[in-house]
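Take a look at the letters that make up each chain.
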Amino acid sequence: MIPDLRYLDEQGHQAFPAIVAGLYADKGMPSFAGDLSLEQVEAIHQYLIKRSGDLRRELQSAP
Ligand code: HEM
């Protein structure tokens, strides 16, 4: 199972760079340390925040 990151909680957002750098490597989440720059990780994070907002709006406008 791979989590849907649009539902990431506040703690997950706080830990985002650390998680991508290998914090949960022992749980099956690969480390991208050395492959992604901090700027790239930040860009992915901002994209997820946008997608999370899109989802929230979609759910609110559902009949
Ligand atoms: C750039 C790509 C990726 C990003 C930004 C990312 C980010 C994250 C984040 C933030 C979490 C924590 C979710 C939470 O706390 O609810 C997570 C968990 C996880 N990710 Fe990724 N991930 C990426 C790619 C991948 C890939 C390619 C795999 C598998 C091949 C993977 C497997 C997992 C798994 C199994 C977990 C759950 C770990 C647990 O049990 O706590 N991720 N990921």
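Residues numbered from 1 in each chain as written. Predicted model: local features only at pLDDT ≥ 70, side-chain atom pairs only at ≥ 80, totals over all residues.

### Structural notes on the overall build of the protein chain
Move 1: Within the protein chain, the regular secondary structure consists of 3 helices and 0 strands.
Move 2: When the helices and strands of the protein chain are read in sequence order from the N terminus, they spell out α-α-α.
Move 3: The principal-axis extents of the C-alpha atoms in the protein chain amount to approximately 45 × 25 × 15 Å.
Move 4: A buried classification covers 3% of the 63 residues belonging to the protein chain. (Helix = DSSP H or I, 4+ residues; strand = E, 2+ residues; numbered from the N terminus. Buried ≥ 20, exposed ≤ 12 C-beta atoms within 10 Å, placed from the backbone.)

### Observations concerning the site of the ligand
Move 1: What surrounds the ligand is a group of 15 residues, the closest being Gly12, Ile19, Lys27, Gly28 and Met29.
Move 2: In terms of residues, the shell around the ligand owes the most to one element, helix H2 (residues 16-23), which gives 3 residues.
Move 3: Residue composition of the shell around the ligand, grouped by class: 12 nonpolar, 2 polar and 1 charged. (Near = placed C-beta within 6 Å. Nonpolar A, V, L, I, M, F, W, Y, C, P; charged D, E, K, R; others polar.)

### Focus on the environment of Glu10
Move 1: Here Glu10 lies in helix H1 (residues 10-14).
Move 2: Each C-alpha atom of the pair Glu10 and Phe32 lies 21 Å from the other, and the pair is 22 residues apart in sequence.

### Details of the environment of Val41
Move 1: With respect to the element layout, Val41 can be found in helix H3 (residues 38-61).
Move 2: A C-alpha to C-alpha distance of 6.7 Å links Val41 and Pro17, two positions 24 residues apart in sequence.
Move 3: Residue contacts for Val41: discarding those within four places in its chain leaves Pro17, Val20 and Leu36. (Contact = placed C-beta atoms within 7 Å.)

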